[in-house]
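# Tertiary structure, described
Here is how the chains run, residue by residue.
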Amino acid sequence: DPWPDGLKSHIKQSENNTMADTNLTSDEIAFTNAFNAQRMTLAGFAKCSSREELHVVRDGFYLGLASDLGLDEYGPVREAVITDAAVAEAAGTANAFRRTVEAARTSERWDDLVASVSAAAAGVGSDLDGIWSTLEVGRLEWLGAAGAAHGTKTTLRTALDHQCGGATEGDASDARMIWMYALSLSIPLLVQEAEVWRRAV
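Rules and cut-offs
- Residues numbered from 1 in each chain as written.
- Predicted model: local features only at pLDDT ≥ 70, side-chain atom pairs only at ≥ 80, totals over all residues.
- Heavy atoms only, no water.
- 1 Å grid on protein atoms, 1.4 Å probe; cavity = no way out; pocket = protein on both sides within 12 Å on 5 of 7 lines; lining within 4 Å.
- Points joined across faces, edges and corners; volume = space filled by probe spheres on them.
- Helix = DSSP H or I, 4+ residues; strand = E, 2+ residues; numbered from the N terminus.
- Nonpolar A, V, L, I, M, F, W, Y, C, P; charged D, E, K, R; others polar.
- pLDDT = per-residue confidence, 0-100.
- Contact = heavy atoms within 4.5 Å.

Attention now moves to the layout of surface pockets. Computed from the structure, the second largest pocket encloses a volume of approximately 290 Å³. Lining the second largest pocket we find T41, G44, K47, C48, E52, E53, V56, V57, A94, N95, F97 and R98. The set of elements that each furnish at least two residues to the lining of the second largest pocket consists of α4 (51-69) and α7 (96-105). Sort the elements by how many residues they give to the lining of the second largest pocket and α4 lands first, with four residues. Its residues assigned to classes, the lining of the second largest pocket comprises five nonpolar, three polar and four charged.

Have a look at this one:
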């Protein structure tokens with residue numbers, strides 16, 4: 001599950017808001033439907049390995065929202081995409097999404113598109129910047145923690161592989177706990193939990 005706990009309630013609420021929900025305004029319905037349509041794009045953050053890759057996902061998400069919302073700024077940005085030869089060359093390849101976003105960014109109306117998407121979100125009470133910030137910060141923290149704990153993970157794996165008589169389930173469980181502790185040392189939100197664990201053992 002790639003979604004941080006803090007976003008699950010927001011996403012669940014979005015799933016429950018449909019065209020049949022008479023408690024929503026037409027703008028809220030349109031934005032909810034657009035957000036839901038772009039969830040797979042947004043979920044791409046979980047595969048990113050750098051800030052640059054994260055920003056490609058973010059901007060692709062904004063581009064998709066602008067299209068689904070029918071924003072005026074989308075037309076000129078789309079024109080920049082479909083007239084870029086590199087986009088056509090990348091079609092059907094692993095680089096197609098990234099190249100599309102890069103082409104969109106070259107449009108003179110790109111900044112206007114982003115501002116319009118943000119305004120549409122704010123107009124229906126959606127903290128789009130906060131949602132993205134949670135994803136980006138969380139992913140970067142995880143990447144940093146995984147990198148910092150990689151040496152520990154390698155050492156533990158080697159020790160288990162060379163355990164005399166073979167590693168037991170208890171050995172494997174202890175190794176996982178040590179690795180999780182190593183991860184927690186690099187995740188700011190887990191500082192207190194890491195300290196409690198350290199004192200306990």
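This is not the end of the story, as more comes after the structure.
This part is about the confidence of the model for the chain. For the chain, the average pLDDT comes to 83, and 85% of its residues sit at 70 or higher. Helix α1 (residues 5-16) is the least confidently modelled element of the chain, averaging 45 in pLDDT, while α4 averages 97, the highest of any element. The low-confidence segment residues 1-15, where pLDDT is below 50, has 24 contacts with residues more than four positions distant or belonging to other chains.

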